[in-house]
Amino acid sequence: MLTFILKRILLAIPTLIAVSLLVFMIARLAPSGPVEIILGEKATKENVARLNKEYGLDKPIVVQYLNYIWGIAAHGDFGKSFSRGEQPVSEMIRQDFPVTAQLAISAFILAFFIGIPIGILAALYHNSWFDRLCMAGVVALVSVPSFVIGPLMVVYIAVRLRWLPVSGWDSPAYTILPTIALGSRSAAILARFMRSSLLDVLKQDYIRTALAKGLTKGRTIWRHALKNSFLPVLTILGTSFGGLLTGSFVVETIFQVPGIGYESINSISKRDYPVIQGMALLVAIIFILANLGVDILYGVVDPRVRSQEAQ
Amino acid sequence: MGLHTGQLDAVPPKFEEPAISQPSTSPGRDAIIRLRKNPVAMICLIYILSLILIAIFAPLLTHYDYDYQDSSRYASLPAPPDHFHRLGTDNLGQDVLSRLIYGARVSLGVSVVVVIIEVFIGVTLGLIAGFRSGMTDLVLMRVTDVMFAFPDLLLAILLAAVIRSGSQALPPVTSILTLFVALGIVGWPGMTRLVRGQALALREKEYIEAARATGVREKNILFRHLLPNLLSPIIVQVTQDLAGYILAESTLSFLGLGVQPPFPSWGQMISNALEYKDSQPQLIFFPSLLLALTVMAFNFFGDALRDALDPRMRK
């Protein structure tokens, strides 16, 4: 078990390095460098050289990358913001990330506790009107992006009915609409996946055996079908949490939620690279770690995965 | 007994002539017949085809250009529908109906171009990786692993943000080119993996071995024997990816990173309308409806197509 977990963690390291390199390179692709952005077009040569030195941009790109990664790994230093009076990016992350995390986690909980039961019920009542209704609803929800659901909810629930606040992030009431806007699509995806997985399991011979030896239907489903059908669903939980984190870029913009998504989109218009780079890297790392967690959990729950690995 | 049609299909009798129970048709024809029996798929197809026609003939269907500003009637505020502008005008005095119609052009145009990029890169690399194996395969798969380790919307946001970040203001057309590049880079790994997996499985089939044994050149094996058998999974993937790219384009445009004015995009129209949600909610409603219906049509049609092309899904 321990070797399995260690192996997974070691395998994730090259991916983390490659992803950080990718983010770093993309940020360097920008047509105008950070120094020109800070100083404007009329900058003198001396000023450019001074700032280049200050930000370490006069060093070779490999050294710049290593410095950046070392800064993050050793003291959580993501560089400084250009536009916010040199405020450290790590400080902005500390401020904004809890908000995004809260939003993503509550959307995840919503998606899980609505999507999974609906998927299970739809599979158990396969081809019934309930199943058809759910699946039509699922395709509809998968097709409707958060920036359609969000504004429509704002117009009808917040503005017309005045049941909930329009935008902001002050009390729990403010979190309801963003959570629904963010989580509904994931709920639909989870429901669809859960349904097809359970339908697959219900066709298996061991389910027929369980029923044939006289187990009640409820007991068969609870003891044999559900556990096995949940395994494939586990694999998409990591991806789906990552989707929620990036989805929060859109939802935070709609509802003006002060999280890392809102901050990143604002920083893009100000061309504040260290902020964009830091936030993107943070989300990518969390995405990889979430998938790693799911991977390990999968091995812990399903001994077949571990033994396959051992061979 | 386990006499399920699916299992019979999966294990054909090895040394006997397969029993012919119905007049033989090509698999493609078979799929079309199955598809035509599905009313939902047909409705979606009609919707998609009409949208394509509307996008192509947009200038004939609209009274106003997408960037015509009716400034004599409206000053910097959206106006409700009236006799001249049947869906009203936006805050720049532009006709909403015209912009919705031209928006279809942008949405479909961008997603079709990106899908072509995806198919071109994805199929080529997938075939090479699956057929050659070895070092090429290993390197390509590691690259797709890294791309998959990245949430795709985040990568698209990052790319779009960086490409359009020059200090000079760029002409609006480049905003559409930016989308091609950003979404094209994000899109290909999925297709590469799909094609590689299929090619790996097909490579071991007898007919490929036979082709190789009779001295058919590798290029011909790839394009005349392997590729035609890969078509149905590719077609299904393309239909579903079209929906994905329409969503991605409108998401980026909503965030201000996609299509720039004066060009219209549904996502951008929704984003502009947010400011007037109290007084003119119809400005949010119409682009939202079109976007949702379009993505839904592609999703439903993609599902139906997959069922029709895969005979094992038959009940």
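Here is what the cut-offs are and how they apply
Residues numbered from 1 in each chain as written. Chains lettered and ligands numbered in written order. Predicted model: local features only at pLDDT ≥ 70, side-chain atom pairs only at ≥ 80, totals over all residues. Heavy atoms only, no water. Helix = DSSP H or I, 4+ residues; strand = E, 2+ residues; numbered from the N terminus. Buried < 20%, exposed > 50% of the residue type's maximum accessible area, 1.4 Å probe, protein only. Lys, Arg positive; Asp, Glu negative; His and termini not counted. Charge placed at Lys NZ, Arg CZ, Asp CG, Glu CD. Contact = heavy atoms within 4.5 Å. Buried area = accessible area lost by both parts, 1.4 Å probe. Salt bridge = Lys/Arg side-chain N within 4 Å of Asp/Glu carboxyl O. Nonpolar A, V, L, I, M, F, W, Y, C, P; charged D, E, K, R; others polar.

1. Remarks on the overall build of chain A
Here's step 1: When its secondary structure is counted, chain A shows 13 helices and zero strands.
Here's step 2: Reading the secondary structure of chain A in the N-to-C direction produces α-α-α-α-α-α-α-α-α-α-α-α-α.
Here's step 3: Across the 311 residues of chain A, 47% fall into the buried class.
Here's step 4: Charge centroids of chain A, computed over 28 positive and 19 negative side chains, lie 12 Å from each other.

2. What about the interface of chain A and chain B?
Interface extent is often summarised as the accessible area lost during association of the parts.
Here's step 1: Each partner contributes residues to the interface: chain A has 46 residues there, and chain B has 40 residues.
Here's step 2: Both sides together, the interface formed by chain A and chain B hides about 3,600 Å², and carbon and sulfur atoms give 81% of it.
Here's step 3: The largest per-residue losses of area from chain A upon contact with chain B belong to Ile26, Ser143 and Phe147 of chain A, which jointly make up 16% of the total buried on that side.
Here's step 4: Applying the counting rule to chain A against chain B returns one salt bridge.
Here's step 5: Here arginine 192 of chain A ties to aspartate 303 of chain B by a salt bridge, and the two come within 3.4 Å at their closest N and O atoms.
Here's step 6: Elements with a contribution of two residues or more to the side of chain A that touches chain B: helix H1 (2-28), helix H6 (129-143), helix H7 (146-160), helix H8 (172-202), helix H10 (217-255), helix H11 (260-269) and helix H12 (273-301) of chain A.
Here's step 7: Sort the elements by how many residues they give to the side of chain A that touches chain B and H7 of chain A lands first, with eight residues.
Here's step 8: Along the lines of polarity and charge, the residues of the side of chain A that touches chain B split into 35 nonpolar, six polar and five charged.

3. Here we look at unusual backbone geometry
Here's step 1: Of the consecutive residues proline 261 of chain B and proline 262 of chain B, the connecting peptide bond is found in the cis state with omega at 10 degrees.
Here's step 2: Relative to the helices and strands, proline 262 of chain B resides in the loop between helix H10 (218-254) and helix H11 (266-273).
Here's step 3: Within the chain, arginine 162 of chain A stands out as a residue other than glycine whose phi angle is a positive 55 degrees.
Here's step 4: With respect to the secondary-structure elements, arginine 162 of chain A resides in the loop between H7 and H8.

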